[in-house]
Amino acid sequence: MKVSEPAVNYNTPELQSLKNRLIATIDASNDLHKLEQCWEVLHAGDMPCVFTDEEFEEELRLSEDSGVASDEEVKAMYARWGL
């Protein structure tokens, strides 16, 4: 731990528990694409889909303007998530 970093962020039971769950999930996965996506999220500078209020309103407007998704598009999206 670096002196300039707050100790509260390290070695808490909650943090260790989350790390253990992540490790177990990674160990159980055989999906290379999904693991690569997780790697990218963990190493990204910003979390995806974090918006200011103005940016969110614009995303919402664009989404609503794009129309309604077909049943096939919805099923394909859920299939990507393994649902």
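Below or above, wherever it landed, is the structure these notes cover. (Residues numbered from 1 in each chain as written. Predicted model: local features only at pLDDT ≥ 70, side-chain atom pairs only at ≥ 80, totals over all residues. Heavy atoms only, no water.)

A closer look at the overall build of the chain
Helix and strand counts for the chain stand at 4 helices and 0 strands. Tracing the chain from N to C terminus, the helices and strands come up as α-α-α-α. For the chain, the proportion of its 83 residues judged to be buried stands at 1%. Per element, the accessible surface of the chain, about 7900 Å² overall, is 58% carbon and sulfur. (Helix = DSSP H or I, 4+ residues; strand = E, 2+ residues; numbered from the N terminus. Buried < 20%, exposed > 50% of the residue type's maximum accessible area, 1.4 Å probe, protein only. Areas by Shrake-Rupley, 256 points an atom, 1.4 Å probe, with all protein chains shown as cover.)

Quick notes on the packing of aromatic side chains
Under the counting rule described, the total for this entry stands at 1 aromatic pair. When the centroid spacing of 5.6 Å and the interplanar angle of 85 degrees are considered together, the rings of Tyr78 and Trp81 count as edge-to-face. Residue Tyr78 is classed as partly exposed on the basis of its relative accessible area, which comes to 41%. (Phe/Tyr/Trp six-rings, centres within 6.5 Å; stacked < 30°, edge-to-face > 60°.)

A closer look at the pattern of salt bridges
The full count for this structure, using the stated rule, is 2 salt bridges. Note that Glu58 is salt-bridged to Arg61, the shortest N-O span being 2.7 Å. Note that Glu58 and Arg61 are positioned in helix α3 (residues 53–65) at a spacing of 3 residues, about one turn of the helix. Taking relative accessible area as the criterion, Arg61 reaches 39% and is therefore assigned partly exposed. (Salt bridge = Lys/Arg side-chain N within 4 Å of Asp/Glu carboxyl O.)

A look at a negative patch on the surface
A grouping of Asp53, Glu54, Glu55, Glu57 and Glu59 is seen on the molecular surface, where their side chains present a negatively charged patch. According to the relative accessible area criterion, Glu55 is partly exposed, its value standing at 40%. (Patch = residues over 30% accessible without salt bridge, like charges linked within 9 Å, V, L, I, M, F, W, Y side chains within 5 Å. Lys, Arg positive; Asp, Glu negative; His and termini not counted. Charge placed at Lys NZ, Arg CZ, Asp CG, Glu CD.)

As for helix α4 (residues 71–80)
The buried fraction of α4 amounts to 0 of the 10 residues, a small share that puts the element mostly on the outside. Two residues or fewer after α4 comes Gly82, characterised by a positive phi angle close to 75 degrees.

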